[in-house]
Amino acid sequence: MEEILRHFPHLTDTQKEQFAKLGELYEDWNAKINVISRKDIDELYTRHVLHSLAIAKVQPFEPGSSIMDVGTGGGFPGIPLAILFPETKFYLIDVIAKKIKVVQAVADALGLKNVKAEQKRAELVDRQFDFVVSRAVTNMPDFVSWVKTKIAKKQNHELANGILYLKGGDLSEELKDYQKIELFEIPDFFEGEFFETKKVVYLPIKFKGDLNA
């Protein structure tokens, strides 16, 4: 929790309270439904919460914008981002029902009115969003194929609408076909061994209705 406050010093009292509750909530739910590995639950704030918030260092989300978190698992990166950006709408999806049950319960316990969680495959979503976020659910080519038609045309941010993807390791082969991709090194934002090879991968996606998309 200290790390969160150090890197995000302008949180409101409500946000501080919500972040503080995450540890207890996930410990409680993890005892019933295992959504976070046992070794990670003790490092929740570094390996899950702060890691999720690296996306906010690349692109803060504007009020009224909409974000889809694909393969959210236990609610990452969507739940921490929803706390940080209470006026942004977040749609968290996963194909596993028990994980969505946990996500919705955590959102409800925190009083997050800007979160909707649903068991759904990304390909079946019929809405569009400013950004699609995720944390290493699959390789980038497959992920792009799932979400490329889910990006809205209207631009509200400094970065063009597209994908913000948390991933680590050597990505050169996986990303070699994407000319406009940008990599943001998480160690530029947060210190610690856990973040050493981790990145925020940004890929702008043209609106599907554009003639040159």
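Heads up: the structure comes first, above all this text.
Throughout, a residue's number is its position along its own chain's written sequence, starting from 1. pLDDT decides what is reported in this predicted model: residues at 70 or higher carry local features, side-chain atom pairs at 80 or more are listed and counted, and totals for whole chains, interfaces and linings draw on all residues regardless. The side-chain quantities take in all heavy atoms of the structure and omit both hydrogens and water.

Caption draft 1: Summary view of helix H6 (residues 97-110). Each helix is a run of H or I in the DSSP string that is no shorter than four residues. Each strand is a run of E no shorter than two, and both are numbered from the N terminus. Any helix carries an expected span of 1.5 Å times its number of residues minus one. Taking 1.5 Å of rise per residue, the 14 residues of H6 would be expected to cover 20 Å, and the 20 Å separating its terminal C-alpha atoms lies within 8% of that figure. Buried residues belonging to H6 abut helix H2 (13-32), helix H5 (78-84), strand S2 (89-94) and strand S3 (115-119). Note on contacts: a residue pair qualifies if any of its non-hydrogen atoms lie within 4.5 Å across the two residues.

Caption draft 2: Inspection of the environment of serine 134 at higher detail. Within the secondary structure layout, serine 134 lies in strand S4 (residues 131-135). When the C-alpha atoms of serine 134 and valine 201 are compared, they prove to be 10.0 Å apart, with 67 residues separating the residues in sequence. Dropping the residues within four chain positions of it, serine 134 is found in contact with Asp69, Val70, Pro77, Phe143, Leu164, Tyr165 and Leu166.

Caption draft 3: Molecular detail of the packing of aromatic side chains. Two rings from Phe, Tyr or Trp (for Trp, the six-membered ring) form a pair when their centres sit within 6.5 Å of each other. Planes less than 30 degrees apart are called stacked, planes more than 60 degrees apart edge-to-face, and all others tilted. The final tally for this structure, using the stated rule, is 11 aromatic pairs. Ring centres 6.2 Å apart and planes at 70° place the aromatic pair phenylalanine 61 and phenylalanine 90 in the edge-to-face group. Of this pair, phenylalanine 61 sits in the loop between helix H4 (44-58) and strand S1 (66-70) while phenylalanine 90 sits in strand S2, placing them 29 residues apart in sequence. Burial status follows relative accessibility: with a 1.4 Å probe on protein chains alone, a residue under 20% of its type maximum counts as buried, one over 50% as exposed, and anything between as partly exposed. A relative accessible area of 3% places phenylalanine 90 in the buried class. Summarising the aromatic geometry, the rings of phenylalanine 194 and phenylalanine 195 are spaced 5.2 Å apart at their centres and angled 75° between planes, so their arrangement reads as edge-to-face. Among the residues examined, phenylalanine 194 registers a relative accessible area of 23% and is labelled partly exposed. Among the aromatic residues, those joined into a cluster by ring pairs are Phe8, Phe189, Phe190, Phe194 and Phe195. In this arrangement the basic side chain of lysine 32 is found over the ring face of tryptophan 29, its NZ or CZ atom lying 4.4 Å from the centre. A ring is considered to have a charge above it if a Lys NZ or an Arg CZ atom is located within 6 Å of its centre and within 35 degrees of its normal.

Caption draft 4: The environment of proline 204, seen in detail. With respect to the helices and strands, the residue proline 204 is situated in strand S7 (residues 198-204). Look at proline 204 and you get partly exposed, because its relative accessible area is 23%. Sequence separation between proline 204 and lysine 148 is 56 residues; the distance between their C-alpha atoms is 9.7 Å. If we skip the residues at most four places from it in the chain, proline 204 touches Ala160, Asn161, Gly162 and Lys180.

Caption draft 5: Highlighting the packing of H2 against H6. Each axis is a line fitted through C-alpha atoms, and for a helix only the stretch in contact is used; angles between axes span 0 to 180 degrees, taken between their N-to-C directions. Running from N to C, H2 and H6 cross one another at 145°; their axes reach a closest spacing of 10 Å. In terms of crossing hand, the pair formed by H2 and H6 is right-handed. Contacts between H2 and H6 pair Gln18, Lys21, Leu22, Leu25, Tyr26 and Trp29 from the former with Lys101, Val102, Ala105, Val106, Ala109 and Leu110 from the latter. Helix crossings fall into two classes, left-handed where the near helix is turned counterclockwise from the far one by less than a right angle and right-handed where it is turned clockwise.

Caption draft 6: The arrangement of the pattern of salt bridges in detail. Salt bridge criterion: a side-chain nitrogen from Lys or Arg within 4 Å of a carboxyl oxygen from Asp or Glu. In this structure the tally under the stated criterion is eight salt bridges. In this structure, glutamate 191 engages arginine 6 in a salt bridge whose closest nitrogen and oxygen atoms are separated by 2.7 Å. Here arginine 6 lies in helix H1 (residues 2-7) and glutamate 191 lies in the loop between strand S6 (182-185) and S7, a separation of 185 residues in the sequence. Judged by its relative accessible area of 43%, glutamate 191 is partly exposed. For arginine 6, a relative accessible area of 49% corresponds to the partly exposed category. Note that lysine 167 is salt-bridged to glutamate 174, the shortest N-O span being 2.7 Å.

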